[in-house]
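Commentary on secondary and tertiary structure
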Amino acid sequence: MKKTCAWAALAVAVVAAGSGASTVLATTQAGVTTTTVGTASLPSLQIHSYFRPQQQTWPPSFWSALLQTHGITDLYVVDNVIASGGTTGWHSHAGPSVIIVKSGTVTNYRAEARRCAGVDYPAGSAFVDSGGNDVHELKNNTDQPVETVAIQFIPHGQPRKTDLPEVPPGCQP
């Protein structure tokens, strides 16, 4: 009787370990070197910027921007070099980021996109990560290094980056 219970317990342990190993997909960062260029904390701010050229044309040509925060914001400027085949892993940020691609082509995969489709951004382009619930992964699918610079606005005291323990549902591994 004791022998049967021991074998049953071992079988349950093997099945449990095996099923967990096959369903959990790590999203570990690999091949990425991050250098923090600068950090600072800002008090609440409200910036309204509006530009209209001196000569009026119809329709009116203008540019405007609004940046408003409530509470202290931790500001980061980070330089990321992603080696060929490298990945940031699936992650999120508590606040928005503006990412400038300095060299190479980086692919931004977003969990919100259909089947987590990626968008390529070549050198000289930029894109915005909205932060909050925006879950994404940056990958270098080329044979050359990629370099990006990110300007991040993070609520005071929150982590700059939060790694996900597994690939979001519906995403191709």
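Quick summary incoming for the structure in this document. All figures in this text were calculated on a predicted structure; none of them were measured in a lab. (Residues numbered from 1 in each chain as written. Predicted model: local features only at pLDDT ≥ 70, side-chain atom pairs only at ≥ 80, totals over all residues. Heavy atoms only, no water.)

With respect to the overall build of the protein chain
Of the regular secondary structure elements, the protein chain holds one helix and twelve strands. Secondary structure elements of the protein chain occur, N-terminal to C-terminal, as α-β-β-β-β-β-β-β-β-β-β-β-β. Relative to its full complement of 173 residues, the protein chain shows a buried share of 28%. Within the protein chain, counting contacts between residues at least 6 apart in sequence, those at least 24 apart form 79% of the total. Summed over all atoms, the accessible surface of the protein chain reaches about 10900 Å², with 61% contributed by carbon and sulfur. (Helix = DSSP H or I, 4+ residues; strand = E, 2+ residues; numbered from the N terminus. Buried < 20%, exposed > 50% of the residue type's maximum accessible area, 1.4 Å probe, protein only. Contact = heavy atoms within 4.5 Å. Areas by Shrake-Rupley, 256 points an atom, 1.4 Å probe, with all protein chains shown as cover.)

Quick notes on the packing of aromatic side chains
Aromatic ring pairs: the centre-centre distance and the angle between the two ring planes describe each pair. Using the criterion set out here, one finds one aromatic pair in the structure. Seen in terms of ring centroids, Tyr121 and Phe127 are 4.2 Å apart; in terms of plane orientation they differ by 20 degrees. Their pairing is stacked. Under the relative-accessibility criterion, Phe127 is labelled buried at 7%. (Phe/Tyr/Trp six-rings, centres within 6.5 Å; stacked < 30°, edge-to-face > 60°.)

Considerations on the nonpolar core
Judged by nonpolar contacts, the single largest core of 13 residues is most densely connected at Ile82, Val101, Val106, Tyr121, Phe127 and Leu138. Setting aside residues up to four positions removed in sequence, Ile82 forms contacts with Gly31, Val32, Thr87, Thr88, Val106, Leu138, Asn140, Pro145 and Val146. (Core = buried A, V, L, I, M, F, W, Y, C linked by side-chain atoms within 4.5 Å.)

Considering the pattern of salt bridges
If you walk through the whole model with that rule in mind, you get four salt bridges. For Asp134, the salt bridge identified is with Arg110, shortest N-O distance 3.2 Å. Of this pair, Asp134 sits in the loop between strand E9 (126–129) and strand E10 (136–139) while Arg110 sits in strand E7 (residues 105–110); the two residues are 24 residues apart in sequence, bridging distant segments of the chain. Using a relative accessible area of 6% as the deciding quantity, one classes Asp134 as buried. Salt bridges sharing common partners tie together Arg110, Glu112 and Asp134. (Salt bridge = Lys/Arg side-chain N within 4 Å of Asp/Glu carboxyl O.)

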